[in-house]
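Commentary on secondary and tertiary structure
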Amino acid sequence: MLALWTWIVQALFIFLTIDSVGGGLLKPCGHIIPESPVVAPNTTFTAICVLDEECLSEHHLNANQIFWKIKDTRVPKEQYTILNRTAASVTLEDVSSLGSPLTCNILLYGQIEQNIYGIQIRVGWAPEKPKNLSCIVNGQSNMKCQWDPGKETHLDTTYVLKSEWPTRQLTDCIPPPNVNNSCTVDMVVVYVNMDVWVVATNVLGNVSSDRINFDPIDIVQLLPPYNVTVSNSKEISSILKVSWANPVDKPFEGLKYNIRYRTKDASDWTLIPPEDTASTRDSFTVQYLKPFTEYVFSIRCMNREGRGFWSNWSAESSGVTYEAKPSNAPSFWYEIDPSQGHGYRLVHLKWKTLPRSEANGRILDYEVTLRGGKTSHFSRLINDTKMTLNITNDPYVASLKARNIVGSSDPSTLTIPGHDFKADLMESKCYLITVIPVYDDGPGSPQSVKAYLKQAPPSRGPFVRTKKVGKNEAVLVWEHLPIDDQNGFIRNYTIFYRTSSGNETAVHVNSSHTEYTLSPLTSDTLYMVRMAAYTDEGGKDGPEFTFTTPKFAQGEIEAIVVPVCLAFLLTTLLGVLLCFNKLDLIKKHIWPNVPDPSKSHIAQWSPHTPTRHNLHPKDQMYPEGNFTDTDVSVVEIEANEKKHLPEDLKSLDLFKKEKITTEGHSSGIGGSSCMSSSRPSISSNDESESGQNTSSTVQYSTVVHSGYRHQVPSVQVFSRSESTQPLLDSEERPEDLQIVENGGSGDGASPRQQYFKQNCNQDEISPDLPHFERSKQVSSVNEEDFVRLTQQQMSDQRSQSSGSGPMKDFEDISAADNFGASNDGQIQRFETIGLEAATDEGMPKSYLPQTVRQGGYVPQ
Amino acid sequence: MWARLRLSSLFGLTCGLLWLCPAAGSTCPVYQTLLCQLKNMAKKDFLKAFMTDQGLNSPHLNETCTGSSDFPVTETLKDLPPVTFLQTVSQTVRLIEQKLNEPVFKRMHIYLQGIDNNVCCMLQALLPAPAACPAPASRRTLSPTPTVGSFSWKLERCKIIQSYQRFMEAVGKVLETWGASPGQRNRKRRSLLNVLLGQRRKVRAG
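These figures come from a predicted structure and were not determined experimentally.

Look at the UniProt record and you will see "transmembrane region" (unreviewed entry) annotated at residues 560–580 of chain A. Split by type, residues 560–580 of chain A is 100% helix and 0% strand. Its first and last C-alpha atoms lie 31 Å apart.

A word on a nonpolar patch on the surface. Residues and elements named next belong to chain A. A contiguous nonpolar patch, built from Phe552, Ile557, Ile560, Val561 and Val564 and spanning about 440 Å² of accessible area, is present on the exposed surface. Tracing the sequence through the fold places valine 564 in helix α5 (residues 556–581). When its relative accessible area of 54% is taken as the criterion, valine 564 is described as exposed.

Turning to the side chain of A:Asn360, a few remarks are in order. Residues and elements named next belong to chain A. Structurally, asparagine 360 is set in the loop between α3 (356–359) and β28 (365–372). With relative accessibility at 7%, the residue asparagine 360 sits in the buried group. With residues near it in sequence (within four places) discarded, asparagine 360 still touches Pro291, Phe292, Glu323, Ala324, Lys325, Pro326, Ser327 and Asn404.

Residue and element names in this part refer to chain B. Put simply, chain B has an average pLDDT of 75, and 67% of its residues get 70 or more. Considering each helix and strand of chain B separately, the mean pLDDT is smallest for helix α1 (residues 2–18), with a value of 40, and largest for helix α2 (residues 31–42), with 93. Counting interchain partners and residues more than four positions distant, the pLDDT-below-50 stretch residues 1–24 has 23 contacts. As a predicted assembly, this complex carries a pTM of 0.52 together with an ipTM value of 0.79.

What follows is about unusual backbone geometry. Residue and element names in this part refer to chain A. Cis geometry is found at the peptide bond from isoleucine 33 to proline 34, where omega equals 5 degrees. Inspection of the secondary structure puts proline 34 in the loop between β1 (30–33) and β2 (38–39). A positive phi angle, close to 50 degrees, is found at phenylalanine 292, a residue other than glycine. Along the polypeptide, phenylalanine 292 turns up in the loop between β23 (283–286) and β24 (294–303). The backbone of asparagine 360 sits at a positive phi, close to 55 degrees, despite the residue not being glycine.

Next up on the list: the pairing of strand β21 (residues 255–263) of chain A. Residue and element names in this part refer to chain A. The buried count for β21 comes to 7 of 9 residues, which makes it a mostly enclosed element. Taken together, the 9 bridges between β21 and β24 define a ladder with antiparallel strand orientation. Across the sheet, the residue bridging to arginine 260 is serine 298, located in β24. With 2 bridges connecting them, β21 and strand β22 (residues 270–271) associate as antiparallel partners. For arginine 260, the partnering residue across the bridge sits in β22 and is leucine 271.

We now examine the packing of aromatic side chains. Residue and element names in this part refer to chain A. This model, assessed by the stated rule, comprises 17 aromatic pairs over all chains. Their ring planes at 90 degrees and their centres at 4.9 Å tell us that tyrosine 452 and phenylalanine 489 sit as a pair that is edge-to-face. A residue pair is termed long-range when its members are at least 10 positions apart, and tyrosine 452 in strand β36 (residues 447–452) and phenylalanine 489 in the loop between α4 (483–486) and β39 (492–499) qualify at 37 residues. Each ring, one from tyrosine 497 and one from tyrosine 527, has its centre 6.4 Å from the other, and the planes form 45 degrees; the classification is tilted. Separated by 30 residues along the polypeptide, tyrosine 497 in strand β39 and tyrosine 527 in strand β42 (residues 526–535) bring together distant segments of the chain. In this structure tyrosine 527 comes out as buried when scored by relative accessible area, which is 5%.

All names here are of chain A. Looking at chain A, pLDDT values average 73 and 65% of them are 70 or higher. Between residues 1–25, whose pLDDT stays under 50, and residues either more than four places distant or in other chains, the model counts 18 contacts. This model gives residues 609–860 a pLDDT under 50, and the stretch forms 511 contacts once residues within four places in sequence are excluded.

This part is about the sheet that holds strand β25 (residues 317–320) of chain A. Residues and elements named next belong to chain A. The 4 strands are arranged β22-β21-β24-β25 in an open sheet whose pairing can be described as antiparallel. Two strands lie at the open edges of the sheet, namely β22 and β25, each paired on one side alone. The sheet contact formed by β24 and β25 spans 4 bridges and is antiparallel. Pairing of valine 296 across the sheet is with serine 318, part of β25.

Calculation rules
- Residues numbered from 1 in each chain as written.
- Chains lettered and ligands numbered in written order.
- Predicted model: local features only at pLDDT ≥ 70, side-chain atom pairs only at ≥ 80, totals over all residues.
- Heavy atoms only, no water.
- UniProt positions renumbered as here; feature names shortened; annotations may be inferred.
- Helix = DSSP H or I, 4+ residues; strand = E, 2+ residues; numbered from the N terminus.
- Patch = residues over 30% accessible without salt bridge, like charges linked within 9 Å, V, L, I, M, F, W, Y side chains within 5 Å.
- Areas by Shrake-Rupley, 256 points an atom, 1.4 Å probe, with all protein chains shown as cover.
- Salt bridge = Lys/Arg side-chain N within 4 Å of Asp/Glu carboxyl O.
- Buried < 20%, exposed > 50% of the residue type's maximum accessible area, 1.4 Å probe, protein only.
- Contact = heavy atoms within 4.5 Å.
- pLDDT = per-residue confidence, 0-100.
- Pairing = 2+ DSSP bridges.
- Phe/Tyr/Trp six-rings, centres within 6.5 Å; stacked < 30°, edge-to-face > 60°.

This is the structure we're talking about:
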């Protein structure tokens, strides 16, 4: 006991010593590192206790004397580590299960436990990565973001909502105290994409959520419309107008709405079609509502373009449609109290109140009207649903109307029979008997039946007629008899039909039918038909109706006629085609080509065949009478020949008369030509004959210079060629022509010959010009004959193979006649030209002007 | 260490000034989105709210607010090449930011920054080079402003906002002519030569 007191005193001494040295009441003799540890569960924790040197020296302490305690439990020495003389550590496994505090203690004098220092160990978790971050913009600029912070850390953890634009960092949003899962950003800017994320931080670390990127306009949720009111219309009881105020704080102008409504007692909403509310507005009129019915409305809105979210539904607002006149008359019945005497009786009228759906408003009163008896008309308004009248024994008709502020319902009518009511029923009249049960709370459903006191046969029979008549059938139709003519219940109909000579046939038809098809019938036959209606008491025939069945069925005639017509048309067509194909043959047989001997003439063929015909000399040898159109040239006769040479004119006239015949042997040759003549000329067509300028036409003409069938032509025949080529001066000048046409000079032939050659072969214009000049100087009486002879020779060179006898004779004559040796050179030259033209098929061909000697042929 | 810190600071500062280095890698939207966003932003009306808040909402005062604008008008903007146009918009918006750098305009201020952000992104979409966004305009020394809340202050700010509205209206009109892709933008834009000729004609006519 003494020792104990000694230890206490020593401890007190140490305490006071420490206190006096430190200047405080309590001065620890050491400390623990770390001071305020935060430890995650299931982790190892090491603490170090460091003793002060002052205490060590003063109390002769060292680290070996340190021991650790958690709460009141000493930590086993195996977990200690002596670091040095002043420090010792302890390692703890899973501190979370041990708890706090952890104290560093020392054993003084081997007996006294002295606490040196103590720490509070906090156990918690590092923050989890925030998840499910989402944001929503409320109104115009406030954006609220929410996230899931994860499990509780048990530590002080801060959450910061960070945001940025691509070009700048925005201000952080720090949640208010005790909020770790949401934050509201002020003044967010719409139409700017931004990144948002959350950073959670505590002493054990920090972690960021995933970033979300969005344009705030896409997450706008407006406040709902407010000040919603509902008003009705006195004019139209089926509409209600809903009005509201749009949210002011919104980042866009265009809105669309959802408007829903229901009756007050209903639970299901009806949504106005969204397409009707897809534009910005502040009111909407709902139609097709029930009158005098209370409806509840609610509205929400969002961006018209559909970006963002719908607002919440607005507060509900209700309105009542205006009244309409009652849609139905009230049910109405009566009771008669026959106890009254003296010709009067009490009638109790009763009716039920209309249901709300039929009243269409608040029923103000009922209007009861009574007709009949001594007072022909009686009307009274009453609020009750019953009424007692003291009326005479006469029959009455009572009517009842329900009235509201808008109007009256249709009347409900009731017949009150007289006191001595006895039905005066007649036979063969149809009566409708209706029985209405009357219960305490009103009438029941009525039941009716038709009845006759006594039936009779119908007054008349039905009128039957045909609806459609076919070859072998006829459709008959009729109408039901009027009720007044029936005289009973029609049980069936009977149709009688017959031909004019046949037996009558009867067909029974059910009374419900109004149509029947008679079949089979004979075609092209007259039928007589009548119909009888039968009641239980007998029948009555109707008038007779006649009809005739057609000979052919519908479409039968068409089926015959159409193929026949088609066959005829086809045959005709084939015949026409055949005629066209065999036209030449037919023509040859019908109109044989008979030559006219009196118009025979000699045609002289040009030595130069147009190139485009590509004729071989042999091809130009025309057999007698076998000219083709393309092989014959047109004859040209100078117009002014008449004046100077009557003989030639004579021959010209003859030639003109022969024109048609000549056409059989010659024709214009189409194609381009290098020759031209603007002078009027006589050729094988009338246009040329009338002096028309043929420069626009292209013709190569060659005279058919042989007789027909070995006959000698008696006229002069000319050849000409026309083309669009410009004329040479020599051709333009008439005097040159006169020279040609004047038989006294042979110069004319040579220049024209040169002209044609020049024009036909453009490349040779210049070389030929000297020939032209030179030939003008040639003076010979028979110059043109010479030329013609030359032409004929050249032509004959090509046509030798034809072996024409007369032509040979001409050659003989030519050899013995007019030409002297002096002309040989020229003859030779022309021959050369002709041969060149004939052999050079690529070269344009020329045709020499040809004349014949007056009154005869030039011997060749 | 110090040197490294200072270099990084300088780099960060440079990037910040040029707005080239978004701090956390947020990326710009595509051109079409930016165009749509800018068109919508150009429609924003700040004048009405300001007039209402400041009690200037009367026809007479509305006319008083209307004055000559220091900012480019439609005729000028539509003739600019796209990049120049966007740079002009950016500079103008920043100038307005400076003029309206008062707490009462905080909402409008951040809105203008949003416009500037989108313009910068649009420039990056148009220009291959990273130096797309114009450098922030140097802070101008603004003329002494009247006392905040005074009538003259209200009128002055009213004019600025009015000018801004007209400018953004012009910007919106120009943007309406831009195609849906960068390649189609500004089809109706005249050549520089035409612009100069047109201006010359105007001068002569005037």
